[in-house]
Amino acid sequence: MTRVQKLLVIMLLTALCAGAAYLIRQLEWEKVTRRTGMSGEALVNPYHAGTELMRGLGYPAARIKDIAQLNELPADASLLLANPERFGDAALRERLLGWVRRGGHLVLPLHTQMRDSAWLDALGVEIHGQLDTDKPTLAIEIEGKVLHADLGGAAVFRFTQQESWLATLDGWLVADDSTPNRGEDVTGEDDPADETFHFVTEQPEDSEFDTPTDTVAVYGRLPHGNGFITVGSIDLFTNGQIKLADHATLFARLMSLPDGVHPVYVILAPEYPSLLAWLMDHASHALLALLILLLACAWHFAPRFGPLRADPARARPGLREHLSACGAFMLRSRSHEALIAPLREEVEYMLTHLHNRYPDVDSIPALAEKISNIPQSEVHDALQPAPRNHSDFLRRCHTLAVLRLHCIRLSRATSVSGLPL
């Protein structure tokens, strides 16, 4: 590079540095907060924000990922059973209720699809329908505190036993066919078995009553042994809804007990350890044996480099194999007569020669019966051509083979002088 070229490069770099310094002075840095999608735990746990809320309030809070952890729940803990229909096993349900009776606190979500749930039968909860309202929030009172929440679509219910507290609303129970309830008991025998209702807080147009005719609960707490069960809708406590209205305060009250700070847990569905994790914990010796077996198989089948072995000489098939293959082919093609004819001719020839030694025997079949005790009918049938089917062919072959064996034995018998015949 010449001196002039070096000078031009230096001047260009100087100009670039000066431009960059000017731009830096003219630009202002401003931080902008942009909301992004959920990530991490929030993607799989819709109540992750509520769990973090309880942790921020000083409660030990976590999500249970292994169903085996239910056996180690503290007696004074609170547990949110996010999907009770996934815990339909009677033994598991009774185990959870036993934990509540020992002092636990179970939070059980309610929705209208749970009308026939065994959970409701065990707790004495009657779901009457869902709440329909155009208002963004409704006021409910829980333990003396008024809270506002978006309760649209929440299940409304009544307890059949004494409760600790109820968050109630006054309104009208309306049948799905828009017929007002008119204050009757919706569980009476006069209602159709398949009739369902919804609850409204505004007076229906065709209602004859200006004042509310029904009082239903949207949240409630029920004593169960030494513990408590809290029921109600929890859809408003998901990650995207808990920040609205008084949802966070309501969630904290539902998940806690007034007698102090206790651990809080959330379980979404029965989750079991993976097969590999279970085997590592309970069958580590079996995994070790499997690993050794795999290594031995790999050692057995792995190629080993060395001198090439000569190819073994090809075995030439003998006459016996050839005849066996020909016979099998003819048998498959049902050529029974071609197969049995040589044997029949040989037996007839041998019986004819033996007949000279038994002049008192009238016929060949009689001679065959005399030397083999085979009935003449079978001998006569075996000496006839053209077997009828495969079974007849086998039966005739057996008869002819026995006759051939007896003829051979008699032909080898010695004469009176002791010499072979």
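Reading guide: rules and limits
- Residues numbered from 1 in each chain as written.
- Predicted model: local features only at pLDDT ≥ 70, side-chain atom pairs only at ≥ 80, totals over all residues.
- Heavy atoms only, no water.
- Helix = DSSP H or I, 4+ residues; strand = E, 2+ residues; numbered from the N terminus.
- Buried < 20%, exposed > 50% of the residue type's maximum accessible area, 1.4 Å probe, protein only.
- Areas by Shrake-Rupley, 256 points an atom, 1.4 Å probe, with all protein chains shown as cover.
- Lys, Arg positive; Asp, Glu negative; His and termini not counted.
- Charge placed at Lys NZ, Arg CZ, Asp CG, Glu CD.
- Contact = heavy atoms within 4.5 Å.
- Core = buried A, V, L, I, M, F, W, Y, C linked by side-chain atoms within 4.5 Å.
- Salt bridge = Lys/Arg side-chain N within 4 Å of Asp/Glu carboxyl O.
- pLDDT = per-residue confidence, 0-100.

Here we come to the overall build of the protein chain. Looking only at helices and strands, the protein chain has 13 helices and 12 strands in total. Across its three principal axes, the protein chain shows a C-alpha extent of roughly 135 × 110 × 45 Å. Counting over 421 residues, the protein chain shows a buried share of 35%. Within the structure as shown, the protein chain displays about 27,100 Å² of accessible surface, and the carbon and sulfur contribution to it stands at 57%. Averaging the positions of the 38 positive and the 52 negative side-chain charges in the protein chain gives two centres separated by 22 Å.

On the secondary structure map, Thr201 appears in the loop between strand 9 (197-200) and strand 10 (214-224). Look at Thr201 and you get buried, because its relative accessible area is 18%. Those residues within four positions of Thr201 in sequence are excluded, and the remaining contacts are Asp132, Thr133, Leu138, Asp170, Gly171 and Trp172.

This part is about the nonpolar core. Counting residues in each nonpolar core, the largest one holds 38 residues, and the members touching the most others are Ile140, Leu151, Val218, Tyr219, Phe237 and Leu250. Beyond its immediate chain neighbours, meaning those up to four positions away, Phe237 contacts Pro46, Tyr47, Tyr219, Ile242, His247, Leu250, Phe251 and Leu254.

Turning to the pattern of salt bridges, a few remarks are in order. Tallied over the full model, the rule gives 12 salt bridges. A salt bridge links Glu337 to Arg344; its shortest N-O distance comes to 2.7 Å. Residue class for Glu337 comes out partly exposed when judged on its relative accessible area of 28%. As a salt-bridge pair, Arg396 and Asp381 come within 3.3 Å of each other at their nearest N and O atoms. Here Asp381 lies in helix 12 (residues 376-382) and Arg396 lies in helix 13 (residues 390-411), a separation of 15 residues in the sequence. For Arg396, a relative accessible area of 4% puts it in the buried group. What makes Asp381 partly exposed here is its relative accessible area of 23%. Among the ionic contacts, a cluster of salt bridges with common partners joins Asp381, Arg388, Asp392, Arg395 and Arg396.

Attention now moves to the confidence of the model for the protein chain. Mean pLDDT over the protein chain works out to 82, with 92% of the residues at or above the 70 mark. Under a pLDDT of 50 for its full length, residues 414-421 has, in the predicted model, 6 contacts with residues more than four places off or in other chains.

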